[in-house]
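Tertiary structure, described
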Amino acid sequence: MKILVVEDEMLVAMLIEDLVSDLGHQIVGPAMRLETALELAETIDLDFAILDINLAGKQSFPVAHRLTERGIPFMFASGYGAAGLMEPYLAAPIVQKPFDAKAVASMLAKVGME
Amino acid sequence: MHTQPDSGDPFGFLGHSGEMASLIRGFDWSKTTLGAVETWPACVKFTTAMLLQSPVPIVTLWGEAGVMIYNDAYSAFAGFRHPQLLGANVREGWPEVADFNDHVMKVGLAGNTLAYSDQELTLYRKGTPEQVWMDLYYSPVPDETGKAAGVIAMVVETTERVRAEKHQKMLINELNHRVKNTLASIQAIVSQTLRGVDTKEEASAAISQRIMALSRAHDVLTDENWDGADLHTMAQYALDAFQPAGREAISIEGPKIRVGPHAALSIALALHELATNASKYGALSTRTGTVAISWSIEPSQTDDDEVFKLSWEEQGGPLVRQPDRRGFGTRLILGVLPQELRGTAEIDYQPQGLRFVLRSSRVAVSDTPLVAQGG
């Protein structure tokens, strides 16, 4: 799958890249700021996206809106866990930081089968 | 209280000489449903005298209309609304909370009490809406027959405490968020370092040095309350440990610029990787080699932003050549650093020494503070 990675911290972005490419997927990004993430979410053919919620002080929900409009599935990655989510994404899939590689893998596998 | 039966002063019962006492004396009470002072029942006189003595903000609301009489402490609480509130009907005196006070009057005049803890209301005390929190206590004031003639209210504003508690909760959330992100960063350092090393010893040393680099960058940011850092200070902290004893092999030069917390952290980590490489294979591995770090900020040719350019130039080291594999450091400085700073990064393996140039913009390196929601 072609997966958009949105994460504002360099080291963490590299980690997600590794987790995702180890599972055989292709990375788009990482987008580390809201503006870049929005641009990629609007223009690139994507199968999935992993969204950090806080991008250098701005929230990534506009990226989620755009992906929803385009029918592209995504999950959030957050240090807050589900407590960092807001409407209408309260029930959106989320992985907690630091990452459990198995949780990321099973989430991606689910998307791949749908 | 000392009574003065022969003075002929109808306000003699007040027994107080503060601002509110003199405003009460000067007010034309015959305009209100309470009537002229000569007609006031004993409970009104006694309660008024008592509340004037109190340091707690107290207001009394008399009759169905809730005619307001209050003390000096309440006048301070009422702000801009004072002194118009004196003698006003409570629903008109505080129109923004008329419904709330209507309920208070109905319950109080029926002989019942009300208590609210940290009640949130929006008041116009300064001409603009203001969110305030209060502890509020309402009780009926009985007349001689035992029937409620009015309502007495004690108003203890708790806005400052409520705000402090909210702020503390926000800080704890933010701390927890930062801890989780830091753990993810450590996870990233460990997993990526292990991919690129041959021995356990090498891995252990590299992991520990990278964690220390992250920690030093945190120190600088903590000093600045995490809202950014001076680039020169950040670079010095990142490179101090690499300065060889006895000589100034590393020079840092550039105009004063404040960089945002994300950019500061990333540039510090990049400098650490460059310095690590230089001490192993480059200019810092010899007795005479030098590294010059410099940056500039110049007007952009294409937009309103300014161009930020940072260079790392090694000289006098061993003959350099391009490494065979793209390790953690290369990936960080050439892969994600330019992504993060929305710019470009290049490494040039010139025979006289490695040269690294990062190009970005002032806007990109001055990112916004980390303290925010989400993430």
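Computed from a predicted structure; not experimentally measured.

Considerations on the overall build of chain B
- The secondary structure content of chain B amounts to 11 helices and 12 strands.
- For 375 residues, the compact-globule estimate of 2.2 N^0.38 gives 21 Å, and the C-alpha radius of gyration of chain B, at 36 Å, exceeds that figure by more than 25%.
- Principal-axis analysis of the C-alpha atoms gives chain B an extent of 110 × 40 × 40 Å.
- Counting only residues that meet the buried cut, chain B has 47% of its 375 residues in that class.
- Contacts spanning at least 24 positions in sequence make up 58% of the contacts within chain B whose residues lie at least 6 apart.
- As presented, chain B carries roughly 18,900 Å² of accessible surface, and 53% of it is formed by carbon and sulfur atoms.
- Charge separation in chain B, taken as the distance between the mean sites of 33 positive and 45 negative side-chain charges, equals 8 Å.

Digging into the packing of aromatic side chains
- The final tally for this structure, using the stated rule, is 16 aromatic pairs over all chains.
- On the basis of an interplanar angle of 70 degrees and a centroid distance of 5.9 Å, the ring pair of A:F74 and A:Y89 is categorised as edge-to-face. Of the two residues, A:F74 is situated in strand 6 (residues 74-78) and A:Y89 in the loop between strand 6 and strand 7 (94-96); the sequence distance between them amounts to 15 residues. Accessibility assignment for this pair places A:F74 and A:Y89 in one class, buried.
- An angle of 50 degrees between the planes, with centres 6.2 Å apart, marks the rings of B:F77 and B:W94 as tilted. With B:F77 in helix 3 (residues 72-78) and B:W94 in the loop between helix 4 (90-93) and helix 5 (98-109), the pair connects residues that are 17 residues apart, well separated along the chain.
- We classify B:W94 as buried; its relative accessible area is 4%.
- Ring-pair connections join several aromatic residues into one group, and the members of that group are B:F11, B:F13, B:F27, B:W29 and B:W40.

Notes on the interface of chain A and chain B
- With 31 residues of chain A in contact, the opposing surface of chain B contributes 35 residues.
- Of all residues in chain A, the largest losses of buried area upon contact with chain B belong to A:M10, A:L11 and A:Y80, amounting jointly to 25% of the total for that side.
- Linking chain A with chain B are 5 salt bridges, by the criterion used here.
- In this structure, B:R331 and A:D18 form a salt bridge, with 3.0 Å as the shortest nitrogen-oxygen distance.
- Linking chain A to chain B there are 9 residue pairs in polar contact (both at pLDDT 80 or more).
- Mapped onto the side of chain A that touches chain B, the elements with two or more residues apiece are helix 1 (10-22), strand 2 (26-31), helix 2 (34-43) and strand 6 of chain A.
- Here the side of chain A that touches chain B is composed, by residue class, of 13 nonpolar, 9 polar and 9 charged.

Notes on the pattern of salt bridges
- This model, assessed by the stated rule, comprises 27 salt bridges over all chains.
- Note that B:K106 is salt-bridged to B:D102, the shortest N-O span being 2.9 Å. Pair noted here: B:K106 and B:D102 are both in helix 5, with a separation of 4 residues, about one helical turn.
- The exposed category is assigned to B:K106, whose relative accessible area is 54%.
- For the salt bridge of B:E273 with B:R210, the shortest nitrogen-to-oxygen distance reads 2.8 Å. Note that B:E273 is positioned in helix 9 (residues 261-280) and B:R210 in helix 7 (residues 200-223), a separation of 63 residues in sequence.
- Look at B:E273 and you get buried, because its relative accessible area is 8%.
- Connected through shared salt-bridge partners, A:E17, A:D18, A:D22, B:R195 and B:R331 make up one network.

So, a nonpolar patch on the surface
- A cluster of nonpolar side chains, B:Y137, B:M154 and B:V156, forms an exposed patch at the surface whose accessible area comes to about 240 Å².
- In this fold, B:M154 is placed in strand 5 (residues 148-157).

Some details on the packing of helix 7 of chain B against helix 8 (residues 231-239) of chain B
All names here are of chain B.
- Contact geometry for helix 7 and helix 8: axes closest at 9 Å, N-to-C directions at 150 degrees. Classified by the angle between their axes, helix 7 and helix 8 sit roughly antiparallel to one another. Between helix 7 and helix 8 lies a crossing whose hand is right-handed. Between helix 7 and helix 8, the contacting residues are R216, A217, D219, V220, L221 and D223 on the first element and T233, M234, Y237 and A238 on the second.
- Of the residues contributing to the contact of helix 7 with helix 8, the split by class is 6 nonpolar, 1 polar and 3 charged.

What counts as what
- Residues numbered from 1 in each chain as written.
- Chains lettered and ligands numbered in written order.
- Predicted model: local features only at pLDDT ≥ 70, side-chain atom pairs only at ≥ 80, totals over all residues.
- Heavy atoms only, no water.
- Helix = DSSP H or I, 4+ residues; strand = E, 2+ residues; numbered from the N terminus.
- Rg over C-alpha atoms; globule rule 2.2 N^0.38 Å.
- Buried < 20%, exposed > 50% of the residue type's maximum accessible area, 1.4 Å probe, protein only.
- Contact = heavy atoms within 4.5 Å.
- Areas by Shrake-Rupley, 256 points an atom, 1.4 Å probe, with all protein chains shown as cover.
- Lys, Arg positive; Asp, Glu negative; His and termini not counted.
- Charge placed at Lys NZ, Arg CZ, Asp CG, Glu CD.
- Phe/Tyr/Trp six-rings, centres within 6.5 Å; stacked < 30°, edge-to-face > 60°.
- Buried area = accessible area lost by both parts, 1.4 Å probe.
- Salt bridge = Lys/Arg side-chain N within 4 Å of Asp/Glu carboxyl O.
- Polar contact = N/O pair within 3.5 Å; in protein donor to acceptor, adjacent residues only side chain to side chain.
- Nonpolar A, V, L, I, M, F, W, Y, C, P; charged D, E, K, R; others polar.
- Patch = residues over 30% accessible without salt bridge, like charges linked within 9 Å, V, L, I, M, F, W, Y side chains within 5 Å.
- Axes fitted to C-alpha atoms, helices over the stretch in contact; angles between N-to-C directions.
- Parallel < 35°, antiparallel > 145°, perpendicular 65-115°, else oblique.
- Left-handed = near helix turned anticlockwise from the far one by under 90°.

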